[in-house]
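# Notes for the structure review
In case you want the letters, here they are:
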Amino acid sequence: MKRWTGAVFVVAAWAVVTAHVGSPDVTFDGAAGPYGIRTIVRPPSVVPGLAEVIVRAASDDVDSVSIQPVFWRTGAAGSPSPDKMTRVAGQPRVYTGQLWLMARGSYSVYVHVDGRKGAGTAIVPVDSFATGRLGLSLPLGAILVVLGGLLFAGLVTIVRASSGESLVPPGEAFDPALRKRSNAITAISIPILALAVFGGARWWNSVDADYQRTMFHPPVAAATITGDSAHRTMRLVLRDTAEFRSIFVPVAPDHGKMMHLFLVGGQNMDVFAHLHPVERDSLVFVGEVPWLPAGPYRLFADVMLDNGLTLTATDTVGLPQMLGAVVPSDSDDSWASTSAVALGATGASAPLGGGYSLTMSNSSETIGARTPVDLSFTVRDPTGSVVPLRPYLGMAAHAVVIRDDQSVFVHLHPMGTVSTTAQQVFRARDAGDTTLHGRLKPGSLDARPMTGMPMSGQFTLPYEFPKPGRYRLWVQVKPAQEVLTGVFDVTVR
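Structure report, in brief. Quick caveat, the model's predicted, so the values are computed rather than measured. (Residues numbered from 1 in each chain as written. Predicted model: local features only at pLDDT ≥ 70, side-chain atom pairs only at ≥ 80, totals over all residues. Heavy atoms only, no water.)

When you line up the elements, L375 lands in strand β25 (residues 373-380). Considering only alpha carbons, one finds L375 and M360, 15 residues apart in sequence, at a separation of 7.3 Å. Not counting the four nearest positions on each side in its chain, L375 is found in contact with M360, N362, I367, L412, F459, T460, L461, F465 and L473. (Helix = DSSP H or I, 4+ residues; strand = E, 2+ residues; numbered from the N terminus. Contact = heavy atoms within 4.5 Å.)

Here we have 4 strands laid out as an open sheet, ordered β7-β6-β10-β11, and antiparallel in their pairing. Looking at which strands have only one partner, the edges of the open sheet turn out to be β7 (83-84) and β11 (118-128). Where strand β6 (residues 62-71) lies against strand β10 (residues 105-115), 9 bridges are found, and the strand directions are antiparallel. When the sheet's bridge partners are listed, V62 is paired in β10 with G115. (Pairing = 2+ DSSP bridges.)

Grouped together as the largest cluster of nonpolar side chains are 35 residues, with contacts concentrated most on L375, F377, F459, F465, L473 and F488. Residue assignment for this core shows that the elements contributing at least two residues are β23 (348-353), β24 (356-360), β25, β26 (398-403), β27 (409-412), β28 (458-463), β29 (469-477) and β30 (484-492). Setting aside residues no more than four positions away along its own chain, L473 makes contact with M360, L375, F377, V400, V401, G486, V487, F488 and V490. Within the second largest apolar cluster, 33 residues are counted, among which are F28, Y35, V41 and L99. (Core = buried A, V, L, I, M, F, W, Y, C linked by side-chain atoms within 4.5 Å. Buried < 20%, exposed > 50% of the residue type's maximum accessible area, 1.4 Å probe, protein only.)

On to the sheet that holds β23. Spatial ordering of the open sheet is given by β23-β24-β25-β28, a layout of 4 strands whose pairing is antiparallel. The open sheet has two edge strands with one neighbour each: β23 and β28. Direction aside, neighbouring strands of the sheet carry axes that sit 25° apart on average. With 5 bridges joining them, β23 and β24 adopt antiparallel strand pairing. Residue P351 lies in a different strand from β24, and its bridge partner there is S357. (Axes fitted to C-alpha atoms, helices over the stretch in contact; angles between N-to-C directions.)

Bringing helix α4 (residues 420-431) into the picture now. Each turn of an α-helix holds 3.6 residues, which means side chains three or four residues apart point in the same direction. Look at α4: 17 Å from first C-alpha to last across 12 residues, which is about the 16 Å you get at 1.5 Å a residue. Counting buried positions along α4 gives 9 out of 12 residues, so the element sits mostly inside the fold. By the burial criterion, the buried members of α4 are T420, T421, A422, Q423, Q424, V425, F426, A428 and R429. Those residues of α4 that are buried lie in contact with β3 (26-32), β6, β10, β11 and β19 (295-305). Capping the start of α4, S419 holds a side-chain oxygen 3.3 Å from the backbone nitrogen of T421, two or three residues further along. Positive backbone phi, at 85°, marks G432, one or two positions downstream of α4. (Expected span 1.5 Å × (residues − 1). Polar contact = N/O pair within 3.5 Å; in protein donor to acceptor, adjacent residues only side chain to side chain.)

Per the counting criterion, the structure on display carries 14 aromatic pairs. Considering the side-chain rings of W72 and F248, the 5.9 Å spacing of their centres and the 45° angle between planes classify their relative orientation as tilted. One end of the pair, W72, is in the loop between β6 and β7; the other, F248, is in the loop between β13 (231-239) and β14 (251-252), with 176 residues separating them in the sequence. Relative to F409, the ring of F262 lies with its centre 6.0 Å away and its plane at 55°, an arrangement referred to as tilted. Of the two residues, F262 sits in strand β15 (residues 260-265) while F409 sits in strand β27, which places them 147 residues apart along the sequence. In textbook terms, an aromatic cluster arises when at least three aromatic residues are bridged by ring pairs, as seen for F262, F272, F300, F409 and W474. (Phe/Tyr/Trp six-rings, centres within 6.5 Å; stacked < 30°, edge-to-face > 60°.)

Together, L136, L140, I143, L144, V146, L147 and L150 give the surface a local cluster of nonpolar side chains, amounting to about 680 Å² of exposed area. Mapped onto the secondary structure, V146 falls in helix α2 (residues 138-163). For V146, a relative accessible area of 51% puts it in the exposed group. (Patch = residues over 30% accessible without salt bridge, like charges linked within 9 Å, V, L, I, M, F, W, Y side chains within 5 Å. Areas by Shrake-Rupley, 256 points an atom, 1.4 Å probe, with all protein chains shown as cover. Salt bridge = Lys/Arg side-chain N within 4 Å of Asp/Glu carboxyl O.)

Right, dumping it as C-alpha cells:
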C-alpha cells in the first residue's frame, strides 16, 4: 500500500508514446466488413522503421488478409499497395506481416480482409514517431574499443610497410636511409589517422544529435487553479515541446469532447476523476473541478488533433479546498473515491454503489506482459443479475490503466486502444472531406454516438500490458443514470 502512495507524486521519467504513456503497441478489436478481427500493431521506435502487425480472425471463413500503411496527408489513394500477410503455421486464423512507416505523424494501418462473405476493411490508427535511442552496453563498447585499437595499429603498420619494407627488392637488405624515411612517414601518419578517427567521431555525434532532434517529445501541460464560492476552475495550457512541431492542426473532438482529463490522487491513489474541460483558446482548456478533496493530484490529458494524431500531456496539480458548492462544467464528468480490489486466482468483485457490482473474471496467474489479454468484466444489479449498460461517451465502458511507478498510462475501450474519431478522420480523408492540406472540413466528423456497439453487462477490454509490474485499473460503466467506477489492482508477470 505504501508503494502506491509513494509512487503517486514521484516525478517519473516518462517513456511517453503519444496518446498513451509507456505503452506503444496498438490494440484494435472490431470488424473489417463482415469479419471480426483482433489487430495488434507494434510501431517501430525509429522512423523510417518497420511496424509489426498481427491479425487474428474471429472465424474460419477468411481467405486472405492484407495490410496497407496510410499516411494522413496522402490518404489511401496516395499510399503504397497493400501487402499480403502470412498465415501462421498451425494457427489458421492468425496472420502476421510488417509495414514500413516512412514519415512521422498520424498513420493508419488499413486491414483488408477477403473471404467467403466478401471483402471488408478495418482502419487502425497508429502514431508514428521516433521514440527510441539504443544505448551502447559496456561490454560491447569495450570490445569495439579493442577492435578499433587493432584496426588503428593495422593502419599504422600498413603505412610503415608501404613506405619501407615493401620498396626493398627481394633478397636485399633494408637500407638504413629507407628505414629512417619509413619511420618518419609513419610518425607523420599517426596524427593524420588520429584526426581521421576524431573527425569520424564528430560526424557520428552530429548524426546522433540530428536524430535526437527528430525524436518525439510529448506536450507539456501547465495547470492553474482559481476559485471562489461557486467555482474551483482549472485552466490547463498545453505546449508543444517537439522541435519539429507535432501540434500543427487544431484539436478535434473525441467522443464528443475536446479533452479527456483524468485526475488521480488521494492517500492511496484512491481518488479518481474523468473530466472534460472545454477549449477556450488554442490549446487552452478550462473546466470546473468539483467533488474532489483538496490535495496533490497527477493529471493525464488526452487530446486528438484534426489529422487523427492522439496525444497525452501530464502534470501535477494541487487542488485547494472548495469554498462552496461547485457545479460540474460537463454533464459527463464523473469521479470515484474507493479502495481497489486485488485480482486473485479466481478474479475479483468491486462494489459500484447503488447495489451494483463489477466482477473481473481474469485470474492474476493468466496475465503476462507483452501477451494479448481480454480483461473480462460483468456488471450485476442488487439481485445478482447481469444488467445491460447504457452508453457512456458512446462506449459500453471506459477504463484507465496506470502502472504503480506511473511509467504506463492507457485509456482503454472495448474496441481497444484506438480512437474512433481518428478512424473517422481517415475515412473523411479518403472521401475527400478534407482540405488540400488534409485538415477536416467543418461537419465532416460524425458527432452521433456509435451504433452497433454491444451494451451488454458482460464485456471485455483487449489490451497487452507492456511490462511486468503492478497496475491499477479504473473501469467506468453506466448501468443506470450515474457513471459508476470499479477499481482493481492487477499483477502482471
